[in-house]
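Summary of the model geometry
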2 protein chains.
Amino acid sequence: MFVMLKGNCLVAQSGGPTAAINATLCGVFKKAFEREEIQKIYGGLNGIEGIREGKLIDLSFLEDDGNRQLLLTTPASFLGSCRYKLKSCEDKREDYEKLLEVFRKYDIRYFFYIGGNDSMDTIKKLSVFFKQNDYEIKLIGLPKTIDNDLVLTDHTPGFGSSAKYIASAVKEIAADSAVYDIDSVTVIEVMGRNTGWLSMAAALARDKKGNCVCDLIYTPEIVFDYDKCREDIKEVQKHKRQVIVVISEGIKDKDGRYIENAEATDQDMFGHAQLGGAGKYLENMLKKDLGIKVRSVEINVLQRCAGHIVSKRDIEESESVGEAGVEAALEGESGKMVTMKRKENTCHYDVYFATEDINKIANYEKNVPETYLNEAKNHVSALGLQYLRPLIEGEMEVPFEEGIPAHLCVKDFIEGYRA
Amino acid sequence: MFVMLKGNCLVAQSGGPTAAINATLCGVFKKAFEREEIQKIYGGLNGIEGIREGKLIDLSFLEDDGNRQLLLTTPASFLGSCRYKLKSCEDKREDYEKLLEVFRKYDIRYFFYIGGNDSMDTIKKLSVFFKQNDYEIKLIGLPKTIDNDLVLTDHTPGFGSSAKYIASAVKEIAADSAVYDIDSVTVIEVMGRNTGWLSMAAALARDKKGNCVCDLIYTPEIVFDYDKCREDIKEVQKHKRQVIVVISEGIKDKDGRYIENAEATDQDMFGHAQLGGAGKYLENMLKKDLGIKVRSVEINVLQRCAGHIVSKRDIEESESVGEAGVEAALEGESGKMVTMKRKENTCHYDVYFATEDINKIANYEKNVPETYLNEAKNHVSALGLQYLRPLIEGEMEVPFEEGIPAHLCVKDFIEGYRA
């Protein structure tokens, strides 16, 4: 017989910010608040790292509709984030024990972790540990990553808003590039270390007649050959004076080396190589070889935090992912991640929510399939466009205050908060 | 007796794009179309350079309200632009003669040139030449520049939208910077080679309680002292973990040298020196000196072409500037630039439109006055804020199509157009 687990709920956020990550938090709160099996709803500050230190806050201020509405389009992790990778239990048992202690203290029986691949790995490891220690809890991973690189889900919450930002920015930069009556190349660099989903989004930048304003797109999945790229550009120039080229930061040559300035060996706190430079590198090479005006533009961090131009569909789906997670947990599921599946054989785009075993997701990566690229592998195919189009649809009514977007800020709800 | 000059009208755009430059074009068209003294309304492609080659198009498609509405929020110069600086008549008389020939051919009796300082210089020179050649024409300059550096006008069309973009972007980047529980510095570089108006706009990035999310602002008007900046940052760190610093690209040291990576420690794959800007330079220096996470973000070209987040006030005023220009010309004025004057002694912000002799404007530059900065000259004063606030107010309903902003594109109205 299925006995309903009663207790408190904890939700936290991890990894890089997105513009939709707080919509998932809204969804978790909304659904958890409805259900009487769940008593208190806590937010964990700065992900698993903060939780380990007992940094939990009561989220009851989210009962207020206005606060929740504001949170929907507030970018970046409202609860703070971390890049803390949980080691194996053998290597750092004290982390696990501290966490168990906190969970016990607050009687946390439902834990929702909103994050990317590393967060799913955390769920996976905690599932094993809590089970071994007979601590009854439901652990659910909620996907979030602008990179769209999680497997077994049609796409990830956060990707649609980034794609919308990139497509809009590419269109605006193309308009800016077209004003002078000269031949030119504009190289636009977008994020994406290993996968080309974000650069693909540039294919959505279209004019009134449906023509793509971006001429060439290079993704990390395809070996980058500079000579071929230069010839591709010359080909475009036969019928267009201002050429727009979009590249992923992570494009690599045939030996697997990043196309970048050789000295760029900086690493971030998580040991990931700090890229940047592919655009600048191409700019320099093309200037020399083509003898025309070449500039490079790096689409900066706003591609993941531009709350002022989010995809309505993304925000709505991200919220639903949170709700689906709570429902799954209350039905007894654990060690799962909520996924989105695109309904097939329907005229219109639609998704349904499901769950998948976290072991099948953590530490896997989803690449852009070859069929989503054109034959020359320098642009997006019709199939790729069909995949992308629905994800950026719709605009949210973003609240503005004194001329700038209004945000909900966690420090306003924490006494004695030090910024 | 005042005899009304009858004939055709020509409007053109010049200099760097802005997100509001087409609103002024709308204003010119709207008012010129109303008045019967003006017969045909032409647009000159690529500014004075295209006009010299006879590249004029009939703008009657702007009689359509839908087209004009779309044009209002289309960024970058719809008619194309140029960076062509008209030499003196002694140095390049053929330019002047070619222009006169085109103006005669199309019977242009009203010319409106939308641009910055160089465009005002063009108006100034053409005024003299046309007068010498007894060609009766009214020449009016219409200001446009995100830099806000034209004299005798309270502000320039285009500045408000850039300021709104920068303030919003700084707020979003600050949200992104705040997610990790670590000490960090984010250096945000904005445009402005000689003046600090754009970096001042960062002071408008405020939280719900009215606190500025940006801690320090450095403008080119004030000598930049790196040691002082580092100490300013340390001071902020005493009460705030994630410090946000905004700088103009044009900050200079006491000897007037730009702050940039002159040392060129970065190299590309071929050992070529990579020059970085002020932001990158500060990032490197602070990393070394503070030993904490430091990153720099360059607010890219979107600060001048983000049509998706424009200031309603800026768009409306920009349109009015175009209308005021036509009215002034029809009242017989020439060799003037339209200016905006802020009404004093009123409770609410309001402007009126006037004209000023172009000779008093062309080739002058307006700096940020000291009173607009705080005492330490590392932020904006209350007076500065009072000046800025109204300029970013209000949001336009930007039309979206298939998830991205819709634009009006000139090539759709030119037969046989080669992109």
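Just above, that's the structure.
Residues numbered from 1 in each chain as written. Chains lettered and ligands numbered in written order. Predicted model: local features only at pLDDT ≥ 70, side-chain atom pairs only at ≥ 80, totals over all residues. Heavy atoms only, no water.

Turning our attention to the pattern of salt bridges. Residue and element names in this part refer to chain A. Taken as a whole and judged by the stated rule, the model has 79 salt bridges over all chains. The partner of Glu53 in a salt bridge is Arg52, and the shortest N-O contact between them spans 2.9 Å. For Arg52, a relative accessible area of 15% puts it in the buried group. Here Asp107 and Arg109 are joined by a salt bridge, their closest N and O atoms 2.9 Å apart. (Salt bridge = Lys/Arg side-chain N within 4 Å of Asp/Glu carboxyl O. Buried < 20%, exposed > 50% of the residue type's maximum accessible area, 1.4 Å probe, protein only.)

Inspection of the secondary structure assignment puts Thr18 of chain B in the loop between β1 (7-13) and α1 (21-34). With residues up to four places along the chain from it excluded, the contact list for Thr18 of chain B reads Pro75, Ala76, Lys144, Thr145, Ile146, Gly158 and Arg304 of chain B. (Helix = DSSP H or I, 4+ residues; strand = E, 2+ residues; numbered from the N terminus. Contact = heavy atoms within 4.5 Å.)

Before going further, it helps to spend a moment on the sheet that holds strand β2 (residues 38-44) of chain A. All names here are of chain A. Here we have seven strands laid out as an open sheet, ordered β3-β2-β1-β4-β5-β10-β11, and mixed in their pairing. At either margin of the open sheet sits one strand with a lone partner, and together these are β3 (56-58) and β11 (351-357). Across the sheet, the mean angle from the axis of one strand to that of its neighbour is 30 degrees, orientation sign disregarded. Sheet topology note: the strand β5 (residues 138-143)/strand β10 (residues 336-342) ladder contains two bridges and is parallel. Bridge assignment links Ile140 to a residue of β10, and that residue is Lys336. Running at roughly 165 degrees to β5, helix α11 (residues 312-330) makes contact with β2, β4 (108-115), β5, β10 and β11 of the sheet. (Pairing = 2+ DSSP bridges. Axes fitted to C-alpha atoms, helices over the stretch in contact; angles between N-to-C directions.)

In this section: the relation of the copies chain B and chain A. Once turned by 180 degrees and shifted 0.0 Å along the axis, chain B lies on chain A with an RMSD of 0.1 Å. Put plainly, the chains are arranged around a two-fold axis. Most of the interface of chain B is mirrored in chain A, where 92% of its interface residues again form contacts. (Least-squares fit on C-alpha atoms with pLDDT ≥ 70 in both.)

Residue and element names in this part refer to chain B. Taken together, seven strands build an open sheet; the order of strands is β3-β2-β1-β4-β5-β10-β11 and the sheet is mixed. Two strands close off the open sheet at either side, each with one partner strand: β3 (56-58) and β11 (351-357). Neighbouring strand axes in the sheet, compared pairwise and without regard to direction, differ in orientation by 30 degrees on average. Both strand β2 (residues 38-44) and β3 contribute to a ladder of three bridges, which runs antiparallel. What sits directly across from Tyr42, in β3, is Asp58. Sheet strands touched by α1: β1, β2, β4 (108-115) and β5 (138-143). Its angle to β1, the strand with the most contacts, is close to 175 degrees.

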